[in-house]
Structures are given as C-alpha cells and as structure tokens.
Amino acid sequence: MPMAAEDIETMIRAAIPDAQVEITDLAGDGDHYAARVVSESFRGLPRVRQHQRVYDALGGRMGGVLHALQLTTAAPSTGIAP
Amino acid sequence: MSDEVQDRIATAVNAADVLLFMKGTPLFPQCGFSSRAIAILDRLGVEYATVDVLQDQAIRQGIKQFSDWPTVPQLYVKGEFVGGSDIMMEMYEAGELTDLLAEKGIPQAG
C-alpha cells in the first residue's frame, strides 16, 4: 500500500517541527518519492544521523511501505528564517 | 534476531575494508539503489566486497538491526557504517567520499 506525499510530510513535521519538507513524486505512481528535509536541528549532525532522524519520524515505514524514498537532508544554509 | 547472525555480520564487516550490503551482485544489481551504489564505487575505483542480502534472509533482516538502518544498500568502510545510497551520492558529489577513503588509507583509481 503506497503512502500519500502529504502523509509523509505530516509525519516528518510531527517529529521535526521546524522541518522544511519538499516531496517529489518521482514516477507519478505515488510509490517512488524523493524527499528533501531541511532543519536547523540537523546542524552539526553527521549525514547518517540526519537521515536516521527522518527514518525515525516515519516510524518503521522506511524500507517497508516506503521502499523507494530517496532522501536528502541538510541544515539551512543561511541564518535567514524560512 | 540471533546473536549468531549479528556475529556473522560483524565478521563480514571487519573482513573487508570496503563492504557493500546490496540486493543482487555488482554485475546484476536487483534494485536501482544498489545499482547506484555500485556505480559510485566503480567510479571511485576502489576495491570492494559485496554481500547479496537476497541470498540470505537472516542477513537481510539482521543488517537492519546491526546498522540501525532500515534499507539496503549499506556501505561499510573499515568497519564503520557510512550510509545508504542517498548518502553515498551526496558524499560522492561533495567529494567527501573520496576524502573519507583517503583518510582511511584506501587506494582509489578513479
């Protein structure tokens, strides 16, 4: 059962409140997404930990329901508020 | 998950300087993410070993726990978990993967 882009976004925001989330439906099939997540809380964290925080937010769906989520994470590049 | 499986994974991780847990083999990757990981390693020109998780269900489940990471592929360098294919791509594009391998003393031909 695929997951809607809004649901992915909602789950990430629930766990990482300041997150800017951008979801792209790669294949137009509601099953292959790319997500870009930017959060101040990622600053100074290794990439592995940043991705792990997003996976935690998705509560075990990654690798299961979400077998094809391409993920990019970053801390905001400037001090300017979004 | 049995300790025996975790031990087998630890042994494999420590036995190869660069080890990729993947779906399929380097010649016949069985998913796009594994294929991308192989392309990156080939481009870097490093020697690497692979474990095909599709051949062993215990490893396929066990590696997720071992690394605390939900998906395959997974890259290990000198026993240290580096990440999945998205992280490999980000690091490769930023030149960080080359730096990491150099730091760990792993020869690259790419």
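Owing to the predicted nature of the structure, the values given are computational and were not obtained by experimental measurement.

Calculation rules
- Residues numbered from 1 in each chain as written.
- Chains lettered and ligands numbered in written order.
- Predicted model: local features only at pLDDT ≥ 70, side-chain atom pairs only at ≥ 80, totals over all residues.
- Heavy atoms only, no water.
- Phe/Tyr/Trp six-rings, centres within 6.5 Å; stacked < 30°, edge-to-face > 60°.
- Helix = DSSP H or I, 4+ residues; strand = E, 2+ residues; numbered from the N terminus.
- Buried < 20%, exposed > 50% of the residue type's maximum accessible area, 1.4 Å probe, protein only.
- Salt bridge = Lys/Arg side-chain N within 4 Å of Asp/Glu carboxyl O.
- Pairing = 2+ DSSP bridges.
- Right-handed = clockwise from strand over helix to strand, strands pointing away.
- Axes fitted to C-alpha atoms, helices over the stretch in contact; angles between N-to-C directions.
- Contact = heavy atoms within 4.5 Å.
- pLDDT = per-residue confidence, 0-100.
- Buried area = accessible area lost by both parts, 1.4 Å probe.
- Polar contact = N/O pair within 3.5 Å; in protein donor to acceptor, adjacent residues only side chain to side chain.
- Nonpolar A, V, L, I, M, F, W, Y, C, P; charged D, E, K, R; others polar.

Chemist: Which residues make up the packing of aromatic side chains, and what are the values?
Modeler: When we look at a pair of aromatic rings, we describe it by the centre distance and by the angle of the planes. Residues and elements named next belong to chain B. Tallied over the full model, the rule gives 5 aromatic pairs over all chains. Ring centres 6.0 Å apart and planes at 55° place the aromatic pair F66 and Y76 in the tilted group. A residue pair is termed long-range when its members are at least 10 positions apart, and F66 in helix α3 (residues 57-67) and Y76 in strand β3 (residues 74-77) qualify at 10 residues. Residue Y76 is classed as buried on the basis of its relative accessible area of 3%. Centroid distance W69 to F81: 5.2 Å. Interplanar angle 65°. Geometry classified as edge-to-face. Of this pair, W69 sits in the loop between α3 and β3 while F81 sits in strand β4 (residues 80-83), placing them 12 residues apart in sequence.

Chemist: Tell me about the pattern of salt bridges, and name the residues and values.
Modeler: Counted by the stated rule, this structure contains 8 salt bridges over all chains. Between R47(A) and E90(B) there is a salt bridge, with its nearest N and O atoms 2.8 Å apart. A residue pair is termed interchain when its members come from two chains, as with R47(A) in helix α2 (residues 47-57) and E90(B) in helix α4 (residues 85-93). Like R47(A), the residue E90(B) is buried in the burial classification. Close ionic contact of E80(B) with K104(B) constitutes a salt bridge, the shortest N to O distance being 2.6 Å. Here E80(B) is found in strand β4, whereas its partner K104(B) is found in the segment after α5 (96-103), with 24 residues between them in sequence.

Chemist: Give me the pairing of strand β3 (residues 69-74) of chain A: which residues, what numbers.
Modeler: All names here are of chain A. Pairing of strand β2 (residues 33-38) with β3 involves 6 bridges; the strand directions are parallel. Opposite V37, over in β3, you have T73 as the bridge partner. The β-α-β motif built from β2, the intervening α2 and the parallel element β3 has right-handed crossover chirality.

Chemist: Explain the sheet that holds strand β1 (residues 20-25) of chain A residue by residue, including any values.
Modeler: All names here are of chain A. The strand order across the open sheet formed by 3 strands is β1-β2-β3, and the pairing between neighbours is mixed. For this open sheet the edge positions go to β1 and β3, each flanked by a neighbour on one side alone. Between one strand and the next, the sheet's axes are offset by a mean angle of 15°, whatever the strand orientation. Those strands touched by helix α1 (residues 5-15) are β1 and β2, and its axis lies near 160° from that of β1.

Chemist: Account for the confidence of the model for chain B, with residues named and values stated.
Modeler: Averaged over all residues, the pLDDT of chain B is 95; the fraction at 70 or higher stands at 98%. Here the predicted complex scores 0.89 on pTM and 0.82 on ipTM.

Chemist: Can you lay out the interface of chain A and chain B for me, pointing to particular residues and giving the numbers?
Modeler: Counting from both sides, the interface comprises 14 residues of chain A and, opposite them, 16 residues of chain B. Regarding the contact of chain A and chain B, the summed buried area is about 1200 Å², with carbon and sulfur atoms giving 58% of it. Where chain A meets chain B, there are 2 salt bridges. The partner of E96(B) in a salt bridge is R47(A), with the nearest N and O atoms 2.7 Å apart. Counting across the interface, chain A meets chain B through 5 residue pairs in polar contact (both at pLDDT 80 or more). Put simply, the parts of the chain that give the side of chain A that touches chain B at least two residues each are α2 and β3 of chain A. Residue composition of the side of chain A that touches chain B, grouped by class: 6 nonpolar, 7 polar and 1 charged.

Chemist: Outline the sheet that holds strand β1 (residues 18-22) of chain B, listing residues and values.
Modeler: All names here are of chain B. Strand order in the open sheet formed by 4 strands is β2-β1-β3-β4, with mixed pairing between adjacent strands. Edge positions in the sheet fall to β2 (49-52) and β4, since each has one partner strand and no second. Here the average twist between neighbouring strands, direction ignored, is 25°. In this sheet, β2 lies alongside β1 in parallel orientation, the contact comprising 4 bridges. When the bridges of β2 are listed, L19 appears paired with A49.

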